[in-house]
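Take a look at the letters that make up each chain.
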Amino acid sequence: MSLAQVVDFASEHLPLTLALTVLASLASWAVYNAFFSPLADVPGPLSARLGLGSWMSNRALSYDMGWKLAEQHEKHGAAVRVSRNMVSLVDPAVIGEIYRYGGKFEKTSFYSYFRADKPSLMSTLGNHDHALMRRAESPAYTMTLLVDLEEHVDSCLDDLVSYFDKAIVTGKGKGTVDMGEMMQLLAMDVIGELAFGGTFGLCKAGKDTQGFLPMLEAFVDVCCLCGTQPWAGLPLIAFCNWKVGAQGPQALAAKSSKAVKDRLEQIKKAYETGDEPRRDMLSKLVMAKNADGSPYSVRQIEVAASSILGAGSDTTAITMRALLYFIVRDPAVYAKVMRDIEDAFDSGLLSLPIKYSDGTKLSYFQSCLKETLRLHPAVPWTLPRIVPKEGAVLAGRYYAPGTQVAMSPFVFHRRTEAFGPDAAVFRPERWLEATEEEKKVMERNLITFGSGSRVCIGKNISLMEITKVLPTLLWKYRFSFTPRNQPNSPHKLPGRAVDGTYDDKEPWHVKSQWFAVQADYWVDVEERDDA
Ligand code: HEM
């Protein structure tokens with residue numbers, strides 16, 4: 001066929017020609033990505049190497065990120081190519097390189113989807129802008145304020161305890177509760193108290209009366225999907241928002257904005273009448289100032305509070321569920337934790353309501369918490385950063401500026417090079433037996449809260465909450481997993497373990513996406529005689 005005939009054919013069959021051109025371009029692009037791009041030598045699944053984002057998007061849609069990525073690292077070692085321009089790493093030596101304070105690696109555009117209109121602390125990409133925002137908002141996260149926040153946690157915990165007590169009465173001595181949901185409701189109520197001026201009243205109601213849970217879930221789904229297909233940009237966001245509609249990110253943003261506005265009204269009135277507003281995170285955010293000295297606008301306060309809702313409720317709930325799971329699952333661990341708590345009550349170290357400073361002295365309990373944070377990190381997704389303009393040598397290979405590099409807490413924590421030959425085993429004793437030097441290394445390798453300049457700013461708040469809540473519940477109640485294979489079983493989903501295996505003996509169904517959410521987690525609760 002001559003060139004003239006090709007041109008004639010193309011103009012006669014324009015739509016077909018356009019479709020073939022697009023397909024051919026995509027195919028050439030994919031071949032280039034897989035075999036000729038600067039990352040062509042980094043091993044990984046073919047769908048990632050082709051560079052169309054499908055491997056990561058698949059993880060977002062299939063909720064299996066931690067497990068599939070762990071498989072790839074098992075197969076290929078320290079570096080795995082997970083998309084056109086991103087490499088996942090599991091070498092302990094690179095944590096400091098990528099995430100350190102004052103470092104030059106910045107967050108990738110993936111995070112820009114974790115926001116409504118204005119960037120929050122979590123979704124600000126540039127290090128300079130982030131440092132200014134972090135300085136402005138850090139008074140809401142200080143250790144001094146933490147002590148004042150404890151009473152707000154206590155009041156929410158009282159509501160949860162009343163809910164359990166009622167369930168026990170209704171069940172004539174044994175209540176069956178949806179621990180998955182109740183832990184989330186508690187974490188939400190606490191965030192309500194800390195960042196929105198008052199509890200959302202969810203534990204009291206025993207259900208999600210505000211419809212928050214589906215909104216948060218849809219929010220994260222949309223972020224993960226759009227963040228792994230950035231080329232699709234605004235149309236994809238618009239499509240997702242249309243698809244999730246009244247339960248989506250925009251509805252969540254509107255709901256939290258309204259809650260903040262209502263509270264700001266109350267704070268204003270308190271100042272007008274000469275009353276001191278109560279000390280919580282919101283009262284600190286109200287006082288926040290921009291770098292030029294101007295006060296935070298109402299919109300900035302709303303964004304900060306909403307991001308606390310997004311970052312602080314799922315994460316804390318996931319960790320509380322997992323900690324209870326690891327304790328109840330193993331009778332020896334359960335017995336040791338109870339001895340720890342009982343001794344502390346007997347010796348007068350602990351009393352109700354448990355103070356955070358006292359709870360930190362429960363050495364076995366605290367090592368169980370550390371081990372939970374290690375084996376069931378709330379965020380198993382990769383935490384991606386951009387290689388700065390100087391380029392970087394990571395795990396023995398040079399990466400060009402602009403390459404995205406990332407570490408997944410879930411995958412990394414289970415590697416023998418990070419936590420030794422028994423890295424995959426829940427063994428709280430490792431934290432008690434370690435020398436000071438070994439402990440320092442383990443702490444450095446524990447990246448559940450991220451690391452360095454973008455490390456979780458709410459870490460102490462969640463540790464405080466968990467250290468008050470779990471010992472209180474363990475002291476007051478005896479827990480066992482509600483069996484799955486009973487005729488009247490409330491379970492709806494197949495049992496799925498933390499490592500992704502399906503097993504009907506599992507009391508829950510774990511998903512692994514941005515968050516490692518556990519669903520369908522039912523627990524039998526009875527009163528303890530000596531509480
Ligand atoms: C067990 C509980 C928690 C876990 C596992 C957790 C995990 C994380 C992780 C992994 C990051 C870093 C993300 C990255 O580098 O890509 C992060 C950041 C953040 N977290 Fe948490 N988080 C928890 C609780 C909280 C709580 C309770 C709050 C708020 C009260 C909070 C607020 C934030 C904020 C605002 C950021 C962004 C910090 C910055 O970039 O400066 N988190 N969290």
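Looking at an unreviewed UniProt entry, one finds the protein chain named Cytochrome P450 oxidoreductase and attributed to Rhodotorula toruloides. The Cofactor (unreviewed entry) comment attached to the protein chain in UniProt states, word for word, "heme".

Turning our eyes to something else, we now look at the overall build of the protein chain. Scanning the protein chain from terminus to terminus reveals 23 helices and 12 strands. The C-alpha atoms of the protein chain give a radius of gyration of 25 Å, which matches the 24 Å a tight globule of 531 residues would have. Considered along the principal axes of its C-alpha atoms, the protein chain spans approximately 90 × 60 × 50 Å. A total of 531 residues make up the protein chain; the buried ones form 54% of that total. Considering only intrachain contacts with a sequence separation of at least 6, the fraction spanning at least 24 residues in the protein chain is 71%. By element, 58% of the accessible surface of the protein chain is carried by carbon and sulfur atoms, the whole surface being about 23500 Å². Within the protein chain, one finds 59 positive and 62 negative side-chain charges whose respective centroids are separated by 4 Å.

The sheet built from 3 strands is open, its strands ordered E4-E12-E9 with antiparallel pairing. Strands with a single pairing partner mark the edges of an open sheet, and in this sheet they are strand E4 (175-178) and strand E9 (477-481). On average, each strand axis in the sheet is tilted by 35 degrees relative to the strand beside it, whichever way the strands run. Sheet analysis places E9 next to strand E12 (residues 522-527), joined by 5 bridges and oriented antiparallel. Paired with Arg478 across the strands is Glu526, a residue of E12. Contacts from helix H9 (residues 179-195) reach E4, E9 and E12, with the element oriented near 65 degrees to E4.

As a further point, take the UniProt feature "binding site: heme" (unreviewed entry) in the protein chain. The UniProt feature table records "binding site: heme" (unreviewed entry) at Cys456. Among the structural elements, Cys456 can be located in the loop between helix H22 (436-445) and helix H23 (459-476). Among the residues examined, Cys456 registers a relative accessible area of 32% and is labelled partly exposed.

Packed helix pairs are characterised by how far apart their axes lie and by the angle those axes make with each other. Between helix H8 (residues 143-170) and H9, the shortest axis-to-axis distance is 9 Å and the interhelical angle comes to 150 degrees. Our classification of the angle between H8 and H9 gives roughly antiparallel. Considering how the two elements wind past one another, H8 and H9 form a crossing that is right-handed. Within the contact between the two elements, H8 uses Leu149, His152, Val153, Ser155, Cys156, Leu157, Leu160, Tyr163 and Phe164 and H9 uses Met179, Met182, Met183, Leu186, Asp189, Val190, Glu193 and Leu194. Classifying every residue of the contact of H8 with H9 by side-chain character gives 13 nonpolar, 2 polar and 2 charged.

A few words on the environment of Ala392. Tracing the backbone through its elements, the reader meets Ala392 in strand E6 (residues 392-394). The sequence separation of Ala392 and Glu97 amounts to 295 residues, and the corresponding C-alpha distance is 8.6 Å. If we ignore the near neighbours within four places in the chain, the residues touching Ala392 are Phe105, Val387, Arg397, Tyr398 and Tyr399.

A word on the side chain of Asp314. In this structure, Asp314 sits in helix H15 (residues 298-329). A polar contact of 3.2 Å, which involves the side chain of Asp314, links it to the side chain of Gln184. Those residues in contact with Asp314 that sit more than four places away from it in its chain are Gln184, Leu216 and Phe515.

Turning our eyes to something else, we now look at a nonpolar patch on the surface. A cluster of nonpolar side chains, namely Met1, Leu3, Val6, Val7, Phe9, Leu16, Leu20 and Leu23, defines an oily patch on the protein surface of about 850 Å² accessible area. Listed by contribution, the elements that provide at least two residues to the nonpolar patch are helix H1 (3-12) and helix H2 (14-35). For the nonpolar patch, the element with the most residues is H1, which contributes 4 residues. Following the sequence through the fold, Phe9 ends up in helix H1. Given a relative accessible area of 38%, Phe9 falls into the partly exposed group.

A few words on the pairing of E12. Here E4 runs beside E12; their pairing, made up of 4 bridges, is antiparallel. Residue pairing across strands places Val177 opposite Val523, the latter belonging to E12.

Near the ligand you find 26 residues, and of these Tyr111, His130, Arg134, Arg385 and Cys456 are the closest. Leu121 is positioned such that a nitrogen or oxygen atom in its backbone is 3.3 Å from an oxygen atom of the ligand. Here Arg385 contributes a side-chain N or O atom positioned 2.7 Å from an oxygen atom of the ligand. Breaking the shell around the ligand down by element, the ones donating at least two residues are helix H7 (127-137), H15 and H23.

Definitions and cut-offs
Residues numbered from 1 in each chain as written. Predicted model: local features only at pLDDT ≥ 70, side-chain atom pairs only at ≥ 80, totals over all residues. Heavy atoms only, no water. UniProt positions renumbered as here; feature names shortened; annotations may be inferred. Helix = DSSP H or I, 4+ residues; strand = E, 2+ residues; numbered from the N terminus. Rg over C-alpha atoms; globule rule 2.2 N^0.38 Å. Buried < 20%, exposed > 50% of the residue type's maximum accessible area, 1.4 Å probe, protein only. Contact = heavy atoms within 4.5 Å. Areas by Shrake-Rupley, 256 points an atom, 1.4 Å probe, with all protein chains shown as cover. Lys, Arg positive; Asp, Glu negative; His and termini not counted. Charge placed at Lys NZ, Arg CZ, Asp CG, Glu CD. Pairing = 2+ DSSP bridges. Axes fitted to C-alpha atoms, helices over the stretch in contact; angles between N-to-C directions. Parallel < 35°, antiparallel > 145°, perpendicular 65-115°, else oblique. Left-handed = near helix turned anticlockwise from the far one by under 90°. Nonpolar A, V, L, I, M, F, W, Y, C, P; charged D, E, K, R; others polar. Polar contact = N/O pair within 3.5 Å; in protein donor to acceptor, adjacent residues only side chain to side chain. Patch = residues over 30% accessible without salt bridge, like charges linked within 9 Å, V, L, I, M, F, W, Y side chains within 5 Å. Salt bridge = Lys/Arg side-chain N within 4 Å of Asp/Glu carboxyl O. Near = heavy atom within 4 Å.

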